[in-house]
Amino acid sequence: RPDEILAVGDHQNDLSMLDGGPARHCGCPADAYPEILTTVRAAGGKVADIPGPGGTLQVMRHYLGLA
């Protein structure tokens, strides 16, 4: 179910999974493409404060309640 899925991405090919449809929980690292940042924010997702894999980890920790 969409409310049980976390989607994290940083590139334009990730747009369709980050709009809040397929996955209700979404996020991206700080250095994601501008379109990704906008899409994640519009879906109420988490935009990390740090870039790259560390940002992905920060998003995961946020949704697990470990942030």
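Structural data are supplied above this passage.
Since the model is a prediction, treat every value here as computed from it, not as a measurement.

Scoring rules and cut-offs
- Residues numbered from 1 in each chain as written.
- Predicted model: local features only at pLDDT ≥ 70, side-chain atom pairs only at ≥ 80, totals over all residues.
- Heavy atoms only, no water.
- Helix = DSSP H or I, 4+ residues; strand = E, 2+ residues; numbered from the N terminus.
- Expected span 1.5 Å × (residues − 1).
- Buried < 20%, exposed > 50% of the residue type's maximum accessible area, 1.4 Å probe, protein only.
- Arc of directions from axis to C-beta.
- Contact = heavy atoms within 4.5 Å.
- Pairing = 2+ DSSP bridges.
- Axes fitted to C-alpha atoms, helices over the stretch in contact; angles between N-to-C directions.
- Salt bridge = Lys/Arg side-chain N within 4 Å of Asp/Glu carboxyl O.
- Right-handed = clockwise from strand over helix to strand, strands pointing away.

S.K.: Describe helix H2 (residues 52-64), listing the residues and the values that go with them.
M.R.: For H2, which comprises 13 residues, the first-to-last C-alpha distance of 19 Å matches the rise-based estimate of 18 Å (1.5 Å per residue) to within 8%. When we look at burial in H2, the residues that qualify are Gly52, Gly55, Gln58 and Val59. Take H2 and look down its axis: the buried residues cluster within an arc of 100°, on one side only. Facing away from the buried side of H2 by over 90 degrees, the exposed positions are Pro53 and Leu64. Against strand E1 (6-8), strand E2 (25-28) and strand E3 (46-47) lie the buried residues of H2. At the exit of H2 stands Gly65, carrying a positive phi of roughly 75°.

S.K.: Any chance you could break down the sheet that holds E1 for me, citing the residues and the numbers?
M.R.: Backbone hydrogen bonds hold the strands of a sheet together, and the pairing may be parallel or antiparallel. Across the sheet, 3 strands lie side by side as E1-E2-E3; this open sheet has parallel pairing. Only two strands of the sheet have a single neighbouring strand rather than two, namely E1 and E3. Bridge analysis of E1 against E2 gives 3 bridges, and the strand direction is parallel. Its bridge partner lying in E2, Val8 is registered against Gly27. Across the sheet, helix H1 (residues 34-42) touches E2 and E3, and the angle it forms with E2 is around 150°. Contacts from H2 reach E1, E2 and E3, with the element oriented near 160° to E1.

S.K.: Outline the pattern of salt bridges, supporting the account with residue identities and numerical values.
M.R.: Overall, the coordinates contain 2 salt bridges when judged by the stated rule. The partner of Glu4 in a salt bridge is Arg1, with the nearest N and O atoms 3.5 Å apart. Each member of the pair, Glu4 as well as Arg1, carries the same accessibility label: exposed.

S.K.: An account of the pairing of E2 is needed here, citing residue identities and associated values.
M.R.: Across 2 bridges, the pairing between E2 and E3 is parallel. Bridged to Gly27 within E3 is Lys46. In the classification by handedness, the crossover that spans E2, the intervening H1 and the parallel E3 is right-handed.

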